[in-house]
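Chain residues, written in single-letter form:
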Amino acid sequence: MSEVQTVVAARRLREARSVFIGVGRPSTAAILARMVHNPDLVLVYESGTIGAKPHRVPLSIGDGELAETADLVVSVPEMFNYWIGTGRIQVAFLGAAQIDRHGNLNSTVIGEYAHPRTRLPGAGGAPEIATGCPEVVVIAPHSRRTFVEKLDFLTTTGEHTTHVITDLGVLEPREAELTLTQVHEGVSVDQVREATGWELRAIDELSVTEPPTAEELSALRELVSR
Amino acid sequence: MAEILQLSGAVAGLVHDGDSVALEGFTHLIPFAAGHEVLRQGRVDLELIRMTPDILYDQIIGMGAARKLVFSYGGNPGVGSLHRFRDAVEHAWPRPIELEEHSHAGMANRYAAGASHLPCAVMRGYTGTDLMHHTRVRPITCPFTGEELVAVPALRPDVSIVHAQEADRRGNVQLWGIPGVQKEAVLAAARSLVTVERIVDKLEPRPGATIIPGWVIDAVAEAPGGSRPSYSLGVTERDNDFYRVWDRVSRDRDEFTAWMHEHVMVGS
C-alpha cells in the first residue's frame, strides 16, 4: 500500500463517526485518520473491539492492545447482529483479491470453486459488513489481476461501495459502474486504464489528489515505525 | 459438573475418531495445547469447525487428521495464506478435504442457534453472493413482515474445546478480553472441554468477563501457556513473530512435517 493511498484513505474518514476495519492494511489508514484528522473516530474491529485506540498498527484484528483500549468488547454474534447488521457502523474499509466494475468483491477462490487454482481465505465478515455499513470503501492495489472483467467468485456485493482507493487514484460509482474520478499526482488516465481489466470510464473534470502534507507524512511514517 | 482432569485424559475421554470438533477462539484464546493433544492421540477423520482456521487448523489439516472443514475465514491474519489448508484444497495433500464455508455472520448465528438448541438462525445476508449456491443456507420469508431473509442451520458440534484464563476447583470458568464465540460453542456442543491458564481457589470477578458455569462443561484441564502462539489477555502475549515464521515453515510439505514431529508430536 503506497503512502499516498494510505493518506487518501485516511482523509475519507475526516467527517466519519465510526469505521469498521477489515484485516490488513486498512488499519494503518484508520489509525492515521484518528491521529491527524478525527480524534473522535470510533475504530471497530471484527474481533469485537469497539472504540479501540491502538498506538501501533496491529498485526491481527484481535491483538491484545485492541481489547485493552476499546470502549467495549463484544462477542462475535453481538458484533454482527447488533452493531454491523443494523448499520450502526458508518463506514467499512475492506480489501479484496478481485473487484469488478460494480464493486463486487472476490476473496474466495481464483479459478473454479470445486477445483481452485488458488484457494483464498474466504468471506470472513465481508459480505454482511458490506451490506450492513452504509458506506463501503475498498482499498486495493491497482492491477489487472485485481480489477477484473469478471470475478471468479462473487463473495461480497458492491451496492454500498462509495469509493475504491488504489495506488493510482480513486474510483467511484457513476451510473452503477466504477468510474475514475481522481488520479494521484503524476498518474495519467491511460496508465490507470492499462491497469484495469475492463474499459474504464473516467469523468471529464477529473481531480488530482492533493499531495500528502508534511503533517500527514510525518504522522504516517512515525506510526509505521512504532 | 465439570471434572478437573489432566489434559491427556480429558481429550481421550471426549474426542473420538470421526467427531465434529470445534476448537474456538477468535485470534485470542485459541486452544493450541488441546488441539496438539488431539493430534498426539492420533485422532482421524475429524470434522473441524472453526470461524477462523488459523495456524492450529493448518497444523491439524496438514497432519491429515481432518476429513471436513466448516469455516468462514481460512487465512493467517495480517500475514497471508494458510499453506497447509491451501495445499489440502488445491492438491488434496495429504488427503482431500471437504469444505463447508460461510460468512462470519453466518457462523456466529449458527453457533448462537446451536447454543439456543434451535434448528436454525434467521439473518440478513448471503443474498446476491455465490456463497448462497455453495453452502447450507436457504431463503426464508418473515411471517410477520414479509421480508426476505435467510436461514442458516444450527451448529451442534460433538465436542467443543475452548481456552480461558482461569477456572475454580468446581470448574467454573472466567475469561476476559475478546470473547469470540466461545460461550456459544460450549453451549452448542454435546460435550465440552475448557483448558485454562490456571486453576484458582476462588474466581475474582472482573468487569466485562464471560463466566461459563462448571455445570455446563464436561471437563476442565489446566494448560498453562495453552493458547500460545495465540494469547490469553493478561497472562501471555500474542507471538506475532511466530505467525510470520509459520508462513515459511508451512510452505514446504517436508519442512512442515519435520517441524510438527519435532515440536508437536513428541511423546506421541
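If you're wondering where the values come from, they're calculated on a predicted model, not measured in any experiment.

Draft legend 1. Examining the overall build of chain A more closely. Looking only at helices and strands, chain A has seven helices and 14 strands in total. What you see for chain A is a C-alpha radius of gyration of 17 Å, in line with the 17 Å of a compact globule of 226 residues. In terms of its C-alpha atoms, chain A occupies a principal-axis envelope of roughly 50 × 45 × 30 Å. A burial count over chain A gives 57% of its 226 residues as buried.

Draft legend 2. Summary view of the pairing of strand E14 (residues 201-208) of chain A. All names here are of chain A. Of all the eight residues making up E14, zero are buried; the element is thus mostly uncovered. Where strand E13 (residues 177-183) lies against E14, four bridges are found, and the strand directions are parallel. Opposite glutamine 182, over in E14, you have serine 207 as the bridge partner.

Draft legend 3. Summary view of the environment of B:His36. By secondary structure assignment, the location of B:His36 is in helix H2 (residues 32-40). The class of B:His36 is buried, set by 22 C-beta atoms lying within 10 Å.

Draft legend 4. Quick peek at the environment of A:Val224. Residue and element names in this part refer to chain A. Examined against the element boundaries, valine 224 turns out to sit in helix H7 (residues 214-225). Along the sequence, valine 224 and histidine 115 sit 109 residues apart, while their C-alpha atoms lie 39 Å from each other. In contact with valine 224, not counting residues within four places along its chain, are Thr28 and Val57.

Draft legend 5. Expanded view of the interface of chain A and chain B. Taken together, the 35 residues of chain A in the interface contact 43 residues of chain B. Put simply, the parts of the chain that give the side of chain A that touches chain B at least two residues each are helix H3 (64-69), helix H4 (76-84), strand E9 (116-119) and helix H5 (126-132) of chain A. For the side of chain A that touches chain B, the residue count by class is 15 nonpolar, 16 polar and four charged.

Draft legend 6. View of the sheet that holds strand E1 (residues 18-21) of chain A. All names here are of chain A. The strand order E4-E3-E2-E1-E5-E10-E11-E12-E13-E14 describes an open sheet built from 10 strands, whose pairing is mixed. In the strand order of this sheet, the two ends are held by strand E4 (72-73) and E14, each with one partner. Inspection of the sheet shows strand E5 (residues 91-94) paired to strand E10 (residues 135-139) by four bridges, in the parallel sense. Pairing of leucine 94 across the sheet is with valine 138, part of E10.

Draft legend 7. Here's a closer look at the nonpolar core. Grouped together as the largest cluster of nonpolar side chains are 148 residues, with contacts concentrated most on A:Val19, A:Phe20, A:Ala92, A:Phe93, A:Leu94, A:Val138 and B:Val194. No other element matches the seven residues that helix H5 (residues 104-115) of chain B contributes to this core. Not counting chain neighbours up to four residues away, the residues in contact with A:Ala92 comprise A:Phe20, A:Ile129, A:Ala130, A:Cys133, A:Val136 and A:Val137.

About the cut-offs
Residues numbered from 1 in each chain as written. Chains lettered and ligands numbered in written order. Predicted model: local features only at pLDDT ≥ 70, side-chain atom pairs only at ≥ 80, totals over all residues. Helix = DSSP H or I, 4+ residues; strand = E, 2+ residues; numbered from the N terminus. Rg over C-alpha atoms; globule rule 2.2 N^0.38 Å. Buried ≥ 20, exposed ≤ 12 C-beta atoms within 10 Å, placed from the backbone. Pairing = 2+ DSSP bridges. Contact = placed C-beta atoms within 7 Å. Nonpolar A, V, L, I, M, F, W, Y, C, P; charged D, E, K, R; others polar. Core = buried A, V, L, I, M, F, W, Y, C linked by C-beta atoms within 7 Å.

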